[in-house]
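# Coordinate analysis (summary)
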Amino acid sequence: MEQVEIRGFLQLRQLFDKKGWPYPYYLTLEKECSALELAEILDLPIDKLEAVFVNGLTESLEEARVRPGDRIGFIPYGTPGICRLLLGIKRPPDEKEKPAE
């Protein structure tokens, strides 16, 4: 079993501090899971998470796969404009998830 290195950015960093977690936080992960499952394991506020870095690449929570040994960074809603593009977050910050038609 390997550990996953986990970071939270912007206001999520404060949440890590409140939980008393070191930064970065390391979690032993037995098997692959989605970033959404990892957020649930960590008891992070899902409604505050917009995207995730997996080994430096930006992905959606639903699509990202986390494997033992990965480096993870959770990105909250509210990331400023130009930073969104640099991070690879394509949708406007105020757009809500729309159900597939």
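Look above for the structure.
Residues numbered from 1 in each chain as written. Predicted model: local features only at pLDDT ≥ 70, side-chain atom pairs only at ≥ 80, totals over all residues. Heavy atoms only, no water.

A separate point is the packing of aromatic side chains. Both the distance between ring centres and the angle between the ring planes are used here to describe each pair of aromatic rings. Tallied over the entire structure, the rule returns four aromatic pairs. Considering the side-chain rings of Phe9 and Phe53, the 5.8 Å spacing of their centres and the 85 degrees angle between planes classify their relative orientation as edge-to-face. Taken together, the residues Phe9 in the loop between β1 (2–8) and α1 (11–18) and Phe53 in strand β4 (residues 49–54) connect sequence positions 44 residues apart. Since its relative accessible area comes to 17%, Phe53 is described here as buried. Ring centres of Phe16 and Trp21 lie 4.9 Å apart, and the angle between their planes is 85 degrees; this geometry places the pair in the edge-to-face category. As far as the burial class goes, Phe16 and Trp21 line up, both buried. (Phe/Tyr/Trp six-rings, centres within 6.5 Å; stacked < 30°, edge-to-face > 60°. Helix = DSSP H or I, 4+ residues; strand = E, 2+ residues; numbered from the N terminus. Buried < 20%, exposed > 50% of the residue type's maximum accessible area, 1.4 Å probe, protein only.)

Attention shifts here to the pattern of salt bridges. Pairs can form between side chains of opposite charge once their charged atoms are near each other. In this structure the tally under the stated criterion is four salt bridges. With a closest N to O distance of 3.0 Å, Glu5 and Arg7 form a salt bridge. Residue classification places Glu5 among the buried positions, given a relative accessible area of 17%. Residue classification places Arg7 among the partly exposed residues on the basis of a relative accessible area of 27%. Measuring nitrogen to oxygen at the nearest pair gives 2.8 Å for the salt bridge that ties Arg65 to Glu32. Of the two residues, Arg65 is situated in strand β6 (residues 65–66) and Glu32 in the loop between β2 (25–29) and β3 (33–34); the sequence distance between them amounts to 33 residues. Judged by relative accessible area, which is 35%, Glu32 ranks as partly exposed. (Salt bridge = Lys/Arg side-chain N within 4 Å of Asp/Glu carboxyl O.)

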